[in-house]
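The lines below spell out each chain.
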Amino acid sequence: ALAAAPLRVAAFGPENIELSNVAYSDTGKKVGEICAGRPLKAPGEKVARGLLPKCVLVTATATSKSKQAVKDAAVYGYVKTATGDSAIANNPDFRSDAGQFAMIKTVPPGSQAVEFEFVAVIPDKDIGAVEGSLGALTFDSLKAISYPGGARMATFTACELDSLSDDCDGEQEKFISK
């Protein structure tokens, strides 16, 4: 009789990546310039009334247990302004950290420095929230999560937004069967 060796089983599921030593800076980008892969603007007209959009560059130490680089890790957590308001548009009342607000393109294995951008919405009543000044931010429960098998939040390319765009030259041919 043949004896079969046990099969090696790989675990599939999200990987939590710790983010520590967080620092941030205002990129100085103006409304309309590209921040985190899309034009910088505050979300929604009514929701954004009284809020200034600011492009924030975050650097942190990411600790990943993966033996390979992790791509497109989703960033979650809380970000507070100097007056205690939420700087994350999709979590204005701090009731949940369920809203992904940024993505890290690549997280190397082990503990290494990473950076990412996100759009902070700063109430214009905050001290320092004027053109060219970000003001103080506090990050809490910041973490990244890798979801194997796909990107959770990916920016559309110019070609995906408009297939007739000049940016698509040569792309259509890839999908035409011969």
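Coordinates for the structure precede this section.
Residues numbered from 1 in each chain as written. Predicted model: local features only at pLDDT ≥ 70, side-chain atom pairs only at ≥ 80, totals over all residues. Heavy atoms only, no water.

Asker: What exactly am I supposed to notice about the nonpolar core here?
Answerer: Here is a general trend for soluble globular proteins: nonpolar side chains tend to be buried in one another's company. Counting residues in hydrophobic clusters, the biggest one holds 26 residues, and the most contacted among them are Leu 19, Phe 101, Ile 104 and Phe 118. Secondary-structure elements contributing two or more residues to this core are strand S1 (15-26), strand S4 (51-64), strand S5 (70-80), strand S6 (102-107), strand S7 (110-123) and strand S8 (138-146). Leave out the neighbours within four places in its chain, and Phe 118 touches Cys 35, Ala 36, Lys 54, Cys 55, Val 56, Val 58, Val 79, Ile 88, Phe 101, Ala 102 and Phe 139. (Core = buried A, V, L, I, M, F, W, Y, C linked by side-chain atoms within 4.5 Å. Buried < 20%, exposed > 50% of the residue type's maximum accessible area, 1.4 Å probe, protein only. Helix = DSSP H or I, 4+ residues; strand = E, 2+ residues; numbered from the N terminus. Contact = heavy atoms within 4.5 Å.)

Asker: Explanation requested: the side chain of Ser 64 in the structure shown.
Answerer: With respect to the helices, strands and loops of the structure, Ser 64 is situated in strand S4. In terms of polar contacts, Ser 64 uses its side chain to reach the backbone amide nitrogen of Ser 66, at 3.2 Å. With sequence-adjacent residues up to four places away left out, Ser 64 is seen in contact with Glu 15, Ile 17, Val 70, Val 107, Pro 108, Pro 109 and Gly 110. (Polar contact = N/O pair within 3.5 Å; in protein donor to acceptor, adjacent residues only side chain to side chain.)

Asker: How do you make sense of the pattern of salt bridges when you look at a structure like this?
Answerer: Pairs can form between side chains of opposite charge once their charged atoms are near each other. A complete count under the given rule lists 2 salt bridges for this structure. Here Lys 54 ties to Asp 26 by a salt bridge, and the two come within 3.7 Å at their closest N and O atoms. Residue Lys 54 is found in strand S4, and its partner Asp 26 is found in strand S1; the two are separated by 28 residues along the sequence. Judged by relative accessible area, which is 7%, Lys 54 ranks as buried. (Salt bridge = Lys/Arg side-chain N within 4 Å of Asp/Glu carboxyl O.)

Asker: Explanation requested: the packing of aromatic side chains in the structure shown.
Answerer: Any two aromatic rings considered together are summarised by their centre-to-centre distance and by the angle between their planes. Overall, the coordinates contain 3 aromatic pairs when judged by the stated rule. Ring centres of Phe 101 and Phe 118 lie 5.0 Å apart, and the angle between their planes is 75 degrees; this geometry places the pair in the edge-to-face category. Linking Phe 101 in the loop between S5 and S6 with Phe 118 in strand S7, this pair joins segments that are 17 residues apart in sequence. Taken individually, Phe 101 and Phe 118 each receive the classification buried, so the pair is uniform in this respect. (Phe/Tyr/Trp six-rings, centres within 6.5 Å; stacked < 30°, edge-to-face > 60°.)

Asker: What's the story with the state of the cysteines in this structure? I'm lost.
Answerer: Note on terminology: a disulfide is the covalent bond linking the sulfur atoms of two cysteines. Scanning the entire structure with this criterion turns up 1 disulfide. Shown here is the disulfide that connects Cys 35 with Cys 55, its sulfur atoms set 2.2 Å apart. Residues Cys 35 and Cys 55 share a disulfide whose torsion about the S-S bond is about 85 degrees; that sign makes it right-handed. Taken together, the positions of Cys 35 in strand S2 (residues 34-35) and Cys 55 in strand S4 put the pair 20 residues apart, joining distant regions of the chain. You can call Cys 55 buried: its relative accessible area is 0%. (Disulfide = S-S within 2.5 Å.)

Asker: What is the right way to look at the pairing of S1 in this model?
Answerer: Looking along a regular strand, one sees the side chains alternate between the two faces of the sheet. Where S1 meets S8, 4 bridges bridge the pair, whose relative direction is antiparallel. By the bridge assignment, Ile 17 is partnered in S8 with Ala 144. Across 7 bridges, S1 lies against S4 in antiparallel orientation. Bridge pairing links Ser 20 to Thr 61 in S4. (Pairing = 2+ DSSP bridges.)

This is a description of form; function is not addressed.
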